[in-house]
Amino acid sequence: MVRKHAKITAENFLVLLAAAAFLVLAACSDGGSGSSQETDETTENTEKEDEKTDGNTVTSRKISLSDAPTGYAGLGTSYITSGTKVEVSTKSQLTSAIASGNKVIVITAMIDMSEGMLPDENADSVTWATALDTFVHETNSSYSDYAAWVKAYRTACSKTTEDGDSKSSCKSDLYDDLWGLNKAYGNKIALKIKSGTTLIGKTSDCGIRGGTIQIGGDNIQIRNLTIKDPCDPFPHHEQKNSTTSDGYNAQWDGINIDSHKNIWIDHCTFEDTISLEYVTTGTTDTISEKWQIYDGLCDIKGDSTNITVSNCIFKNHDKTMLIGSSDSDGDNSKRFVTLYGNYFLNCGQRLPMVRNTVVHIFNNYYKTAGTPYSSQSCVNARKNAIVYAENNYFDSGCKYSFSAASNDSTPVLHASGNEGANANSTKDISITDGVLFSSLNKYKYTLLTATEAKTSVLANAGAGCTLAD
């Protein structure tokens, strides 16, 4: 789509001039540009254009394989930036490159991992592709098409049905059919990334749609990719006892990190594009429940540690980023995560949701217009979370900047320099103090003010950089 450039008034010119001053400091490689805190990296100048789309300035940004991460992902490791390099533009080429152990895989197109089974992302309403009907029938001939499966599974479930991935006494009669379809679909869309792999987009609009990237090793980079619609058409029912329920919950994440270390996710754009009609509502044993096909965009679980997620856009999603899947998952003396320079746009919650982790959250920008999701809260601190939140901007539409479970006194929140209309809107959690993360002497980083961070994030976050190597 071609967009016309807006006329620049004198007032707008001054705003753009100020923004440009910040952008000269903003490195596409690490996004931690700015002023007051110490840094051990030199930022790069960035070429800029005036065009804007969806609130994010499109710039001629460049990244390099030699870039190094700021934050926990940069501690005690080196990433593969040379050696065997292969360019791929199709699903078969991509899966072959991963299986062959290529260390640097450059994606040069948007690859449909679902092989045409998803609805049209530009449609106003959802019409599942005939390829999904064919998949359902070929996987289990008891069902003529996808609609037949949905109807049958809804009928088989009641409010007490628990169809998790381990059998229980209250499973549905279609438990085996459900997981047969779910796992067959998952095998089709999953990318299992091996240790020492760099997966990177070459230019704009390079990435995957309808896939799940499963981190299967250590020392891995995922950069400059657009990751669309990591969906699960075969959600499983979870037991509920209330009058309303999400009920049917999805399985597959955009990126899943489970018990691996030294992972850098940088300059990626995660987004849902399918119309919200996918959340079809039906009745199960008098309870109105959603047929939810989306899970997380980027989830971190198990013994994972030394993770940095930087300069990414998370867009139009509900439960966005989970760190720690349960109160018993992880250990805050071992699991360490850094989030900086990210743009959380029109996301409902879990930005992130944190358990049993030390997480450093700085210079991120949060905003929602209430569509497609209304903000429930931004940073959700749960069991034994230790959160250092510095100089983030919480804009309009953010209901709570920080929240916790009402019955949980274990999370610790250190917050300093946060700004915006809802920077101080909290629920069931108090700021312990404003201790700066830099005083812990873990790693060096550059800290913008929250207002400067907002400008930098709008210009710098997301996929669309050009690979300079």
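How each quantity is defined
Just so you know, the residues in each chain are numbered from 1, in the order the chain's sequence is written. Totals for whole chains, interfaces and linings use all residues, but because this is a predicted model, local features are given only for residues with pLDDT of at least 70 and pairs of side-chain atoms are given and counted only at 80 or more. The basis for every side-chain value is the complete set of non-hydrogen atoms in the structure, without hydrogens or water. Two strands qualify as a pair provided DSSP detects at least 2 bridges between them. Numbering of helices and strands runs from the N terminus; a helix is a DSSP stretch of H or I covering at least four residues, while a strand is a stretch of E covering at least two. In this description, a line fitted to the C-alpha atoms serves as the axis of each element, helices being fitted only across the stretch in contact, and the angle between N-to-C directions of two axes falls anywhere from 0 to 180 degrees. Partly exposed describes any residue whose relative accessible area lies between the buried limit of under 20% and the exposed limit of over 50%, with all areas from a 1.4 Å probe on protein chains only and scaled to the type maximum. Residues count as neighbours in contact if any of their non-hydrogen atoms are within 4.5 Å of one another. Working rule for angles: under 35 degrees goes down as roughly parallel, over 145 as roughly antiparallel, 65 to 115 as roughly perpendicular, anything else as oblique. Rotating anticlockwise by less than a right angle from the far helix to the near helix defines a left-handed crossing, while the corresponding clockwise rotation defines a right-handed one. Only Asp, Glu, Lys and Arg are considered charged, only Ala, Val, Leu, Ile, Met, Phe, Trp, Tyr, Cys and Pro nonpolar, and every remaining residue, Gly among them, polar. It is the directions from the helix axis to the C-beta atoms whose arc is reported. Here, nonpolar core refers to any group of buried Ala, Val, Leu, Ile, Met, Phe, Trp, Tyr and Cys residues whose side-chain atoms link them within 4.5 Å.

*Asks:* Report on the sheet that holds strand S24 (residues 336-340), specifying residues and quantitative values.
*Replies:* What holds strands together in a sheet is hydrogen bonding between their backbones, with the strands either parallel or antiparallel. With parallel pairing, 11 strands are arranged side by side in an open sheet as S4-S5-S8-S11-S16-S21-S24-S27-S30-S33-S35. Of all the strands in the sheet, just strand S4 (85-88) and strand S35 (431-433) have a single pairing partner and so form its edges. Neighbour-to-neighbour, the strand axes of the sheet open up by a mean angle of 20°, direction not taken into account.

*Asks:* Tell me about the pairing of strand S27 (residues 358-362), and please be specific about residues and values.
*Replies:* Counted residue by residue, S27 has five buried out of five residues, so it is predominantly covered. Residue alternation in S27 divides its side chains into two sets, Val358, His360 and Phe362 and Val359 and Ile361, and both sets are buried. Pairing geometry for S24 and S27, over five bridges, is parallel. Residue pairing in the sheet places Leu339 in a bridge with Ile361 of S27. Taken together, the five bridges between S27 and strand S30 (residues 386-390) define a ladder with parallel strand orientation. What sits directly across from His360, in S30, is Tyr388.

*Asks:* Quick one: what's the story with the environment of Tyr365, residue by residue and with numbers?
*Replies:* If you trace the backbone, Tyr365 turns up in strand S28 (residues 365-367). According to the relative accessible area criterion, Tyr365 is buried, its value standing at 1%. Residues Tyr365 and Phe344 lie 21 residues apart in sequence; the distance between their C-alpha atoms is 6.2 Å. Tyr365 has contacts with Asn342, Tyr343, Phe344, Tyr393, Asp395, Lys454, Val457 and Leu458, leaving out every residue within four places of it along the chain.

*Asks:* Would you mind going over the pairing of S30 in detail, with residue names and values included?
*Replies:* Along any regular strand the residues' side chains alternate between the sheet's two faces. The buried count for S30 comes to four of five residues, which makes it a mostly enclosed element. Both S30 and strand S33 (residues 412-416) contribute to a ladder of five bridges, which runs parallel. Within the sheet, the bridge partner assigned to Ala389 lies in S33 and is Ala415.

*Asks:* Quick rundown of the packing of helix H3 (residues 130-139) against helix H5 (residues 175-189)? Include the residues and the values.
*Replies:* Packing of H3 against H5 leaves a shortest axis separation of 10 Å and a crossing angle of 125°. In terms of their interaxial angle, H3 and H5 are classed as oblique. By crossing handedness, the relation of H3 to H5 is classed as right-handed. In this structure, H3 uses Leu132, Phe135, Val136 and Thr139 to contact H5, whose residues at the interface are Gly180, Leu181, Ala184, Tyr185 and Lys188. The residue inventory of the contact of H3 with H5, partitioned by class, reads six nonpolar, two polar and one charged.

*Asks:* Quick one: what's the story with helix H2 (residues 91-99), residue by residue and with numbers?
*Replies:* Listed as buried for H2 are Lys91, Leu94, Ala97 and Ile98. Down the axis of H2, the buried side of the element spans an arc of 135°, and every buried residue falls inside it. Away from its buried face by more than 90 degrees, H2 exposes Ser92 and Ala99.

*Asks:* Residues and numbers for the nonpolar core, please.
*Replies:* Within the largest apolar cluster, 84 residues are counted, with the highest numbers of intra-cluster contacts made by Leu94, Trp149 and Ile265. Counting residues per element, this core draws most heavily on H5, which supplies six residues. Core analysis: the second largest hydrophobic core is formed by 10 residues, Phe336, Phe437, Tyr445 and Leu447 among them.

*Asks:* Before we move on, can you summarise the environment of Trp149 with the specific residues and values?
*Replies:* Examined against the element boundaries, Trp149 turns out to sit in helix H4 (residues 146-156). Residues Trp149 and Leu181, spaced 32 residues apart in sequence, show a C-alpha to C-alpha distance of 9.7 Å. With sequence-adjacent residues up to four places away left out, Trp149 is seen in contact with Val136, Tyr143, Leu174, Asp177, Leu178, Leu181, Phe234 and Trp291.

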